[in-house]
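Here's the letter readout for the chains.
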Amino acid sequence: MLQQHHYLLLSSLLALTGVAILFSILSGSAEISIDQVMSHFTSPETGLANQILSEIRIPRTLAGFTVGSLLAMSGVAMQVLLRNPLADPYILGVSGGAAVGALSGILLGVSSFLLVNFAFAGALVSTLIVFGISSRFGNWSVIRLLLTGVVVSAGWGALINLFLTTSQSSSVQSMLFWLMGDLSQSRVALGHFFLIAVGLVGGIKIARSLNVLSRGDLIAVSLGVNIKLLRIFLYFSASLFTAVAVTISGTVGFVGLVTPHILRMLGARDHRVLIPASALLGGSIVIIADTLARTILAPQQLPVGVFTAIIGVPCFLLILNSSGRK
Amino acid sequence: MTIKQGECWGLLGRNGAGKTSLLKCLAGIIKPREGSISLDSVPMGNYDRNHLALRIGMLFQENLSGLPATVFETVLLGRYPYRGSLLKDSLEDIQIVEDILEEIELSTLKDRELGTLSGGELQKVGIALLLAQDPDVFLLDEPSNHLDIAFKARLKTILKGRVAGKSASLFLATHDINYVNEFCDKLVLLLENGDFILGNTQDILTEENLSTAFNSKISKFSNGHSAIFFPH
């Protein structure tokens, strides 16, 4: 039921997103004032501040939001699909496949533009392997899917370690950044926002079915949900979102797992609220984490994935602790 | 075998005799290996899933808890087949759920998380969800599981009232001989190796039939009005 506190939650998250975006745009080694940001949008002239804004800060902030939104929505989908609160977007091996694809690209010395395609191809291969094996005999059970995904991930993990230990030290650094998530080279296009919009609209459209599926397969079938179709849809859309996020930024951990949980603890258990709320909170978390990652030890840039966890872990434990006491 | 409107049927048999599988066949969730099932003389396969959800509802033994949800949110899912608006739950649906929670004595627990409930309370949530679904055919798998003796009796009254009120049908699977004896007018008794007998409950529930079905000596104690059964 959409209640007043749901609207309150959504509007607070919208405000948080705005603050996060502003914080990110205003922070950095070059001082940029809020007036300069305003004038950037009203009268785009050439100038250092405008150049920094349009070529570095704004694209990076937008990329952070996109990655966080996609991962958080994908986390919601995976948790319903597997009916398991420990599920995250990477649990079924999408990130492993993408990482192996990208690292192969780095080893082959391809340009960063092509690297994206390598990563996406790796994610796609992994998705198809897991789906193909787990649905092979027509009995696509949650346990079978989970087990296949975890085992395939372990395989990718071993390959990643093999790459890391056998390659030259010069490429290891860029590999590690990729594995821990890095937004410094990230750019997003209009297509990415279109994907978020599709995720939101599609997600809200199936939200009531997700509420039912969360209570179990049998009850979902008897209430008239086509669970076979719904699960395939969930699986492929979650995989697509994760694959796109990973190709933008590498594997940014933690956001996909904890964002839905934080929101559920704040009372957003209905997927009609949870899906848009996850997109906003996930995006904000990554923007804030990335801003800290590039400013705290400036001019040194740290991987954003490290900071999503550094901020995420205490926040999560705090909320878990206070919701348990109620 | 035909289940008519207004009838309450029991399905009695040993653990693992196939009661749940039969109920799932009747609900259209699995297909029977042999034979066929029709609803209003139309084979089950010809109905689409959503239409079936409006006609047939089932109480499962599976646990409803998993991802977090409150009692109210869960019972409201029973209104899913009625396809309300995408974003808002209708006031009518909310009122229906409030009334059912009152009837099932769950009102005080309506904002509690499923994970914090006892086994009996969870069972009541499942029953409330089924009542919210308000089907024409009630299929109940071990409805008395975890319930105390007072609520067991109350549940019987509530369900019989529903069945009589809207000329629904009810089919209840259990291993509890005394519960079907009080509850059901008609009975299917599952015997060893796939055999069964069916008829009026009074005629089927004999010491001899029960002892065969449960492969153990079962005695009947009667005071003229009612009877109870117990093992030796």
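One can find the structure itself at the top, above this paragraph.
To start, this report covers the structure provided alongside it. (Residues numbered from 1 in each chain as written. Chains lettered and ligands numbered in written order. Predicted model: local features only at pLDDT ≥ 70, side-chain atom pairs only at ≥ 80, totals over all residues. Heavy atoms only, no water.)

### Things to note about the overall build of chain A
Selection criterion: Helix and strand assignments follow DSSP, with helices taken as H or I runs no shorter than four residues and strands as E runs no shorter than two, numbered in order from the N terminus. Exposure classes here rest on a 1.4 Å probe applied to the protein chains alone. A residue is buried below 20% of its type maximum, exposed above 50%, and partly exposed in between. Note on contacts: a residue pair qualifies if any of its non-hydrogen atoms lie within 4.5 Å across the two residues.
Secondary structure summary: chain A contains 14 helices and zero strands in total. For chain A, the spread of C-alpha atoms along the three principal axes comes to 65 × 55 × 35 Å. Across the 326 residues that make up chain A, the buried fraction comes to 56%. Long-range pairs, those at least 24 residues apart, make up 75% of the contacts in chain A between residues at least 6 apart in sequence.

### A few points about the nonpolar core
To be explicit about the condition: Take the buried Ala, Val, Leu, Ile, Met, Phe, Trp, Tyr and Cys residues and link them wherever side-chain atoms come within 4.5 Å; each set so joined is a nonpolar core.
Within the largest apolar cluster, 162 residues are counted, with the highest numbers of intra-cluster contacts made by B:L12, B:I104, B:L139, B:L170 and B:L210. The element best represented in this core is helix 13 (residues 271–295) of chain A, accounting for 12 residues. Excluding residues within four positions of it along the chain, B:I104 makes contact with B:K124, B:I127, B:A128, B:L131, B:F151 and B:I158. By size, the runner-up hydrophobic cluster in this structure holds seven residues, among which are A:I32, A:V37, A:A49 and A:I58.

### Re helix 9 (residues 207–214) of chain B
Residue and element names in this part refer to chain B. Which entries qualify depends on this criterion: Note that the arc is computed from the directions linking the helix axis to the C-beta atoms.
When helix 9 is considered as a whole, its buried residues turn out to be L210, S211, A213 and F214. All buried residues of helix 9 lie within an arc of 165° about the axis, which places them on one face of the element. Following helix 9 by one or two positions, N215 adopts a phi angle in the positive range, close to 55°.

### Here we look at the sheet that holds strand 1 (residues 8–12) of chain B
Residue and element names in this part refer to chain B. Short version of the rule: The rule for pairing is simple: two strands pair if DSSP sees at least two bridges between them. A fitted line through C-alpha atoms serves as each axis, taken over the contacting stretch for helices, and the angle formed by two N-to-C directions is quoted from 0 to 180°.
Pairing in this open sheet of six strands is mixed, and the strands run 4-5-6-1-7-8 from one edge to the other. Lying at the two open borders of the sheet, with one neighbouring strand each, are strand 4 (56–59) and strand 8 (196–200). Each strand of the sheet is rotated relative to its neighbour by a mean of 15°, with strand direction disregarded. Strands strand 4 and strand 5 (137–141) of the sheet are contacted by helix 5 (residues 119–133), whose axis makes an angle of about 175° with strand 4. Most of the contacts of helix 9 go to strand 7 (residues 186–190), to which it runs at about 40°, and overall it touches strand 1, strand 7 and strand 8.

### Some words on the environment of A:A30
All names here are of chain A. Relative to the elements of secondary structure, A30 occurs in the loop between helix 1 (4–26) and helix 2 (34–42). For the pair A30 and V110, spaced 80 residues apart in sequence, the C-alpha separation works out to 32 Å. Every residue in contact with A30, bar those within four places of it in the chain, is listed here: I52 and R57.

### Considering the environment of B:R79
All names here are of chain B. Formally: Any pair of N or O atoms that falls within 3.5 Å is considered a polar contact. Within protein, one atom must be able to donate a hydrogen and the other to accept it, and sequence-neighbouring residues count only if both atoms are side-chain atoms.
Its location among the elements puts R79 in the loop between helix 3 (71–76) and helix 4 (91–103). Put simply, R79 and V137 are 58 residues apart on the chain and 16 Å apart in space, counted from C-alpha to C-alpha. At a separation of 2.7 Å, a polar atom in the side chain of R79 contacts the main-chain carbonyl oxygen of A132.

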